[in-house]
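Now for the letters of each chain:
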Amino acid sequence: MTRIVDVREQTVPLEAAIRNSLIDFSEMTTCVVAVLTDRRIDGRPAVGFGFNSIGRYTQGDMLRDRFIPRLLNADPDALIDEESGELDPARVGDLVMKNEKPAGHGERSGAVAALEIAVWDVAAKLAEMPLYRLLADRYNGGEHDRDVEVYAAGGYYYPDDGVERLVDEMCGYLDAGYTHLKMKVGGASLDTDIERVEAVLGLVGGDGGRLAVDANGRFDLETAIAYGERMERYGLRWYEEPGDPLDFALLAELGKHYEPPLATAENLFSHQDVRNLLRYAGLRPDIDILQMDPGLSYGVAELDRMLSVMRHAGWSPRRVIPHGGHLMALHMAAGLQLGGNESYPGIFQPFGGFGLQHEVVEGAITIADEPGIGLELKTELEPVLSGLAPEAFE
């Protein structure tokens, strides 16, 4: 019977001297977790790793003060599946959320996710299978995708910004095997942003279905409509987070003026929030996209609850393309048969991207079959993980 013997956390800065329409990422951090067990793999302690995704600051204080102590002080049997006698990662969230009030999901949801995902990682390693297969067996009747469509998310605003730099960046993504792109809008004037969009459209032969734009919640309704009116003729893959993520009325009204696909939900962290989004935002289950990030929203078990809410509302899991551009979400996209995954080629290091074991070929990745998530195999991340849990690398 597996026992958790230690949990460690470290706050790590992102390497990202860039901004979107609202946020400067140069001071952004995230938190990494290592869960150590009493089991051994190839003579080394079995350790699971996780982090709280990209785009929210570290929740290290919450982890150290509340969630890690609750996990370590819990009855060890509370985490054990009675049939298999093995760790059940889906129990982590309920266990560490004891004595927490409902709602208020904005920060603690990422802390809990980092813990839960680390336990999934070690559980998959002990089962000697990649995480996506473990998730498929647990939640999807064993069905999974081996190949996952990925798109390159970039087009941020840089200190030395200009259309030429943007074009060079996007050309690099196409040369690297990506077929679909996403870029930022809202950080410049409307006319300048339209010039930027048209420049990138020129790289994909004018095919708007290969380009998405992301306003990162910047616009009021009037501005969101104005951008929509200028962009509608391009037939873009989607128009993402035009307004505040919780302003469902704005989305509903924008949908009356803008017919192509909309995308949102990367900043919704609970299944209750997703239920309200589908009830009140006027989204269309046949064309719109949801982008919940399991690394920011309590982890896998909560993502499964979100998918259940979607199915009840007539939505397919294929309408979900998770935010985050990280390896954890890639496994979830494959194991739960979602619609694809975001990618951050070369930015947000050491966390962005999927490691050298994964090659982008014609816009898709075939997931490697190493047990667990495979975070240790990511060159940029290995020094962080080996510093946090050197026992796993000896």
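Let me sum up the structure you'll find in this document. Numbering of residues begins from 1 in every chain and follows the order in which that chain's sequence is written. Owing to the predicted nature of the model, reporting of local features is limited to residues with pLDDT of at least 70; listing and counting of side-chain atom pairs is limited to 80 or more, with chain, interface and lining totals taken over all residues. To obtain the side-chain values, all non-hydrogen atoms of the structure were included, while hydrogens and water were left out.

## Examining helix H11 (residues 327-335)
Side chains that are three or four residues apart share a direction in an α-helix, a result of its 3.6 residues per turn. Which entries qualify depends on this criterion: When accessible area is computed with a 1.4 Å probe and restricted to protein chains, residues below 20% of their type maximum are described as buried, those above 50% as exposed, and intermediate ones as partly exposed. Secondary structure follows DSSP: runs of H or I at least 4 residues long count as helices, runs of E at least 2 residues long count as strands, and numbering of each begins at the N terminus.
With nine of nine residues buried, H11 is to be regarded as a mostly interior element. Where H11 is concerned, the buried positions are Leu327, Met328, Ala329, Leu330, His331, Met332, Ala333, Ala334 and Gly335. Two residues or fewer after H11 comes Gln337, characterised by a positive phi angle close to 55°.

## Observations regarding the nonpolar core
Inclusion rule: Here, the term nonpolar core denotes a set of buried Ala, Val, Leu, Ile, Met, Phe, Trp, Tyr and Cys residues that are joined through side-chain atoms within 4.5 Å.
Formed by 108 residues in total, the largest nonpolar core has its most connected members in Tyr239, Leu277, Leu290, Met310 and Phe348. Top element by residues in this core is helix H10 (residues 300-312). It accounts for seven residues. Met97, Val112, Val119 and Val122 belong to the second-largest nonpolar core, a separate cluster that totals 27 residues.

## With respect to the packing of aromatic side chains
The relative placement of two aromatic rings is captured by the distance of their centres and the angle of their planes. For the record, the criterion: Note on aromatic contacts: the rings of Phe and Tyr and the six-membered ring of Trp form a pair at centre separations within 6.5 Å, being stacked when their planes are under 30 degrees apart, edge-to-face when over 60 apart, and tilted otherwise.
Scanning all chains against the criterion turns up eleven aromatic pairs. When the centroid spacing of 5.2 Å and the interplanar angle of 85° are considered together, the rings of Tyr151 and Trp238 count as edge-to-face. On the criterion of sequence distance, the pair formed by Tyr151 in strand S4 (residues 147-153) and Trp238 in the loop between helix H7 (221-231) and strand S7 (239-240) is long-range, its members being 87 residues apart. The residues Tyr151 and Trp238 share a single accessibility class, namely buried. Seen in terms of ring centroids, Tyr156 and Phe348 are 5.6 Å apart; in terms of plane orientation they differ by 85°. Their pairing is edge-to-face. With Tyr156 in the loop between S4 and helix H5 (163-175) and Phe348 in the loop between strand S10 (341-343) and strand S11 (360-361), the pair connects residues that are 192 residues apart, well separated along the chain. Comparing Tyr156 with Phe348 shows no difference in burial state: the two are buried.

## Details of the pairing of strand S2 (residues 29-41)
We count it as follows: At least two bridges found by DSSP between two strands are what make those strands a pair.
When strand S1 (residues 4-13) meets S2, the two strands line up antiparallel, connected through nine bridges. Paired with Asp6 across the bridge in S2 is Leu36. Where S2 lies against strand S3 (residues 44-51), seven bridges are found, and the strand directions are antiparallel. Paired with Arg40 across the bridge in S3 is Pro45.

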